[in-house]
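# Architecture and fold: a report
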Amino acid sequence: MSTSASMNAPLGDLREALSRAESRRKWRAFTLTLPLLVFLLLTLLIPIGALLMRAVENPEVAKALPTTVEALAGWDRTSQPQAAAYAALVRDLSRLPDTADAGALARRLNTEAPGARSLIMGAYKALPIEGDAESVRQQLLDKDARWAEPEFWQAIAKNGSRWTPDYLLASVDLRRDANGHVERMPEEQRAYGGILLRTFQISLIVTLLCLLLAYPLSYWLSTLSERKANVLMIVVLVPFWTSILVRVAAWIVLLQSEGLVNSALLDIGVISKPLELLFNRTGVIISMTHILLPFMILPLYSVMKSVPPTYVRAAVSLGSAPLAAFARVYIPQTLPGVGAGALLVFILSIGYYITPALLGGADDQMLSYYIARYTNVEVNWGMACALGALLLAATMLLYGVYRRLGKTDLALA
Amino acid sequence: MKKSLIALASLSVCFTLSARAEDAITVVNFGGANANAQKVAYYEPIAKEGIKVTAVEYNGEQAKVKAMVDTKNVTWDVVEVESPDVARGCDEGLFEKLDYSKIAPKADLLPSAVSECGVGVFVWSTVMAYNGDKLKTAPTSWADFFDTKKIPGKRGMRKGARYNLEFALLADGVKPADIYKVLATKEGADRAFKKLTSLKPSIQWWEAGAQAPQILVAGDVVLSTVYNGRIDAANREGRNLQIFWPGGIYDLDYWVIPKGTAKKDAVYKFLNFAMKPENQAVYAQNIAYGPTNKKALAKLDKKVLADLPTSEKNAKDALQFNTAFWADQGEALEKRFAAWATQ
C-alpha cells in the first residue's frame, strides 16, 4: 500500500509535467496561428456577420415614424386608416432632423410599395402642414390622392419593427401579405428562384466541362518528364495570370459572328451561316470553362503525380484489361483530386459576375449580377445582403453534401 | 531683415502650395468618347485658369458616393450622374444644394437642366440605329424594330427594363405623350412586357454603351437601341451608322457635388467655366450631345447641329425620359424584367 503510494507520487508528477508541456506546446501553436485567426476574424467572419445583420435590419421606418406605427396598431389594414394616423405621420415627418432621414425612409418604403418615394418626399416638402387631425388628412389627400390607398400604409405598418424577414423572404420569392402571413410573390415578381437555379446549372455545366477537359490533360502531364511537364504547365498558367477582363475581351473577338471561330468554320465549309456564340449561354459557358480550367488542372495534376504507375502495371500483369485497370485502379486513386478540383471550380463559378455580364444575355445572368445591381445601382443593401446570404447558404449546403458524400475533408493534396 | 524675408518667402510658398492643393479637383465621368470630349472642352482649358482637374471614371455606382458621404471621406468633388439619381441622391442628402448664382443664369439653361442638387451637363438620347452599309430597307417606325418579318435579323437592346419598355409601348401604338401614363398602370406594364416577349428570341442584349455600335458594325444585329453619342463616335472612325430619330428618348446627365467636399470654391469655378456657352459649344463639337446652355447653339454650325438630339428636327418626335416615374417604379420594373428574362 505504502509502496504503491510512493510509486504513484513521481508518476503523478511526471504526468503533470507532461500535460504542462503539452499545453505549453498547444499555446505556442495557438499563438503562432493567432495572426491568421485575427486576420480571418477581421476580413471574413465580421464582414459575413455584418452582411447577415444587414439582411434582416430594418431601422428606417421604426426610427422615422414611431408614432405613426403606434397609431396604425389597431388598423384593420384594408380600409383607409383613421385621421389620427395621418396626423401622426405629419408629426413624425416634421420631427425628422435631416432631409437625409426622409430620403432613407422614402427609399425603404419605395422598395415595398413602388411610388412611396414621391409620396413621402412630396409630403415632406409640403411641410409644415397644420391643423387638427381631420384637416391634416384632407390636406395630404388634396396634395396627393394616393394617400387614400391602403397599400402605402400597409408598407408603413408592416415595417414598424427594427428587424424584418422581408429581404430574406424576397430572396426566395416569398413575401408577407398585409396581415403578415407568408405567401408566394405574384408571378411577374418571381425572379430569384429561377436565377439561383440558373446559377447552379451554369456552374454545374462549367464544372463538368472543366473535368472532361482537364482529366486527360492532367493525366498526360503527369506521365511526362519533369522538364516537359513544367514547360506545358506554364502554358496552362499564363492565361491563369492574365486579367479576366482581357480574356473576356479576347473571347468577344474570337466568338463574334465575324470573329475568328466563325470565319474559320465558314471557310472550311463546316457551317453555311455564322453560329451564334456570343451574348448567350454558349459564350458564357465557353469562356467560364476556359477561365476556370487551371483550377481543375492543378489539383488533378498534383494528385495524379502522386499515384504510382506500378499499381496499374500490377493490375494489367495480373490479367486485367488495360481500360478496366485504368477505370478500376487508376481513377479511384485520383478521386480526391477530382473532388477538390470540382468543388473549387463549382464554388468559384457560383460567384461569377463579370463574364456573364459581358458575354451573356438577359437570361444568362447569375445571382452575383443582381447582388452587384442592388449594391451599386439600386443602393438597396438589405436586398443585396439577403441575396448574398442566400448564395452563402447554398454554398455551405453544397459543401455539406460534398463532405457527406465524399466522407473526406477538402484536400488539395 | 534677411530672416524675415526668408520667413515671408517660405510663408508665401506655403500659401501658394495650399492654394494649389485647393484648386486640384476630382471630376468623375462615365468614360469613353464622352470623357474625351469633356477633357477637350472643360478639363484641359480650365487648367489655364489655375484649376487642375483629375478625371476619374466610374459606372454610375451611387453606392460609392453614398459610402464616401456616409464615412465623411469625400474625395470626389464633381460627379456626373444619370437623371434618376439626382433627385434620389438629393432626397437622401448625398449631394450639396447648388447655388446657381455661382454657376450660370438660370434663364440661359434648359429648364430641365436646372435641378436642386444637379446642373444638367448635356442632353443625350437613346435612339434606334442601323448600319447604313448593310441594311437595305431603312426602318420607318418603332413598329419596324419589333417586326422581324419586315426587317429580318437580330435586334440589340440594353440589358434592363429602362427605355425598352417605352420603346415596346411606342411600337405597340401608344402615343409618345401617353407612354408614362400607360406604363404606370399594371395593364400598361403587362402590355409592354408582352410586346417585348414577341421579340425576345431575336434580342441580343448589350451591357456597356460601347457594345451597341460594335455589334452593329460586326453585323451581329441589324437594328439596335444605342446612345446617340456612341454612333457619332463610331462614325468619326469612318463607319456609316445611321440614326432613326423619332421616338428616341432624350435625357440629361447632371453634375452633382457630393456633400462634404472641401473644395467648393474650385468646384463652383469649374461649373461656371463648363456652363459657359463657348465651352459648351466646344464640347458639342467633340461629341454629338446637346449643350444645356441655350446660348451655345448659336455658336454651332449646321453640320454639328444636325447630329444633336436637341436640334429642332431630331427633337420633334422625341420623348423626354420621365425621371420621377423611374425613381418611383424603377426598382420594381427592373426586378420584373429579371423575372421576365428567366421565363
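See the structure printed just above.
Presented here is an overview of the structure given in this document. On a predicted model such as this, the values are computed, not experimentally measured, just so you know. (Residues numbered from 1 in each chain as written. Chains lettered and ligands numbered in written order. Predicted model: local features only at pLDDT ≥ 70, side-chain atom pairs only at ≥ 80, totals over all residues. Heavy atoms only, no water.)

## What to know about the packing of helix 5 (residues 99-112) of chain A against helix 6 (residues 116-126) of chain A
All names here are of chain A. Where helix 5 contacts helix 6, the axes come no closer than 7 Å and their chain directions differ by 150°. Classed by the angle they form, the pair helix 5 and helix 6 counts as roughly antiparallel. Helix 6 is crossed by helix 5, and the crossing has right-handed handedness. Facing Thr99, Ala102, Gly103, Leu105, Ala106, Arg107, Leu109 and Asn110 of helix 5, the residues of helix 6 in contact are Ala116, Arg117, Ile120, Met121 and Tyr124. Its residues placed into classes, the contact of helix 5 with helix 6 shows 8 nonpolar, 3 polar and 2 charged. (Axes fitted to C-alpha atoms, helices over the stretch in contact; angles between N-to-C directions. Helix = DSSP H or I, 4+ residues; strand = E, 2+ residues; numbered from the N terminus. Parallel < 35°, antiparallel > 145°, perpendicular 65-115°, else oblique. Left-handed = near helix turned anticlockwise from the far one by under 90°. Contact = heavy atoms within 4.5 Å. Nonpolar A, V, L, I, M, F, W, Y, C, P; charged D, E, K, R; others polar.)

## Observations concerning the pairing of strand 4 (residues 118-131) of chain B
Strand residues, when the strand is regular, have side chains that alternate between the two faces of the sheet. Residues and elements named next belong to chain B. Strand 4 sits mainly inside the fold: 14 of its 14 residues count as buried. Pairing geometry for strand 4 and strand 8 (residues 241-256), over 12 bridges, is antiparallel. Along strand 8, the bridge assignment pairs threonine 126 with isoleucine 249. Across 2 bridges, strand 4 lies against strand 9 (residues 290-291) in antiparallel orientation. Counterpart to phenylalanine 122 in the pairing with strand 9 is proline 291. (Buried < 20%, exposed > 50% of the residue type's maximum accessible area, 1.4 Å probe, protein only. Pairing = 2+ DSSP bridges.)

## Some remarks on the pattern of salt bridges
Within this structure, the stated rule accounts for 34 salt bridges over all chains. A salt bridge links B:Asp91 to A:Lys125; the nearest nitrogen and oxygen atoms lie 3.3 Å apart. Here the residue B:Asp91 occupies a position in helix 4 (residues 83-91), and A:Lys125 occupies one in helix 6, the pair thus bridging two chains. For B:Asp91, a relative accessible area of 9% corresponds to the buried category. Between B:Arg336 and B:Asp190 there is a salt bridge, and its shortest N-O distance comes to 2.7 Å. Taken together, the residues span a long stretch of sequence, with B:Arg336 in helix 15 (residues 323-342) and B:Asp190 in helix 8 (residues 186-199) at a distance of 146 residues. The class of B:Arg336 is buried, set by a relative accessible area of 11%. (Salt bridge = Lys/Arg side-chain N within 4 Å of Asp/Glu carboxyl O.)

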